[in-house]
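Single-letter residue listing:
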Amino acid sequence: MSRIPSLTLPTPNYEEMLMMSNRRLVCMLREAVLAPGKVERFSPRPPEEHDAYTVEHEPGRIVVRLFVDGQDVFHCCFVPPEEYL
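Remember, predicted model here, so these are calculated numbers, not experimental data.

Caption draft 1: Focus on the nonpolar core. In terms of nonpolar packing, the biggest core is built from 19 residues, with L29 and F78 touching the most fellow members. Contributing elements (two or more residues each) for this core: β1 (6-10), α1 (14-17), α2 (22-32), β3 (61-68) and β4 (71-79). Residues contacting L29, with those up to four places away along its chain left out, are L34, Y53, V64, L66, C76 and F78.

Given below as structure tokens:
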């Protein structure tokens, strides 16, 4: 089984994100991470081509999964900033 690349982002407004709709979370990801000129800042780099998203609220993190042709290809995990203290 292959390992799916994952990017973990400590987020100062994590508590606010918990109240956002899944649609808003995806929009935020697209604006803050996937936009041209921003995606290059991250490692591992999210794929430029993807055709679907899912959002999962897990204990202590929000995971947005990117898909290509039904295959899970990348995870972006938003976590509270104290995760990295």
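Caption draft 2: Highlighting the pairing of β1. Burial of the side chains of β1 is restricted to one face: L7 and L9 are buried, whereas none of S6, T8 and P10 on the reverse face is. Pairing analysis gives 5 bridges linking β1 to β4, with the strands arranged parallel. In the sheet register, S6 faces β4, and the bridge partner there is H75.

Caption draft 3: Spotlight on the pairing of strand β2 (residues 52-58). Where β2 and β3 come together, 7 bridges link them in antiparallel fashion. Residue V55 lies in a different strand from β3, and its bridge partner there is V64. In this antiparallel pair of consecutive strands, β2 and β3, the connection spans 2 residues, and G60 shows a positive phi of 80 degrees.

Rules used throughout
Sequence order sets the numbering: in each chain, residues are counted from 1 along the sequence as written. Only residues with pLDDT of at least 70 are given local features in this predicted model, and only at 80 or more are side-chain atom pairs given and counted; all residues enter the totals for whole chains, interfaces and linings. Hydrogens and waters are ignored; side-chain quantities use all the structure's heavy atoms. Think of a nonpolar core as a cluster: buried Ala, Val, Leu, Ile, Met, Phe, Trp, Tyr and Cys residues, connected wherever their side-chain atoms sit within 4.5 Å. Categorising residues by exposure relies on relative accessible area from a 1.4 Å probe, with only protein chains included: less than 20% of the type maximum marks a residue as buried, more than 50% marks it as exposed, and the intermediate range marks it as partly exposed. The way it works is that DSSP assigns letters per residue, a run of H or I at least four long becomes a helix, a run of E at least two long becomes a strand, and they are numbered from the N terminus. A contact between two residues is defined here by any heavy atoms of the two lying within 4.5 Å. A pair of strands is considered paired only if DSSP assigns at least 2 bridges between the two.

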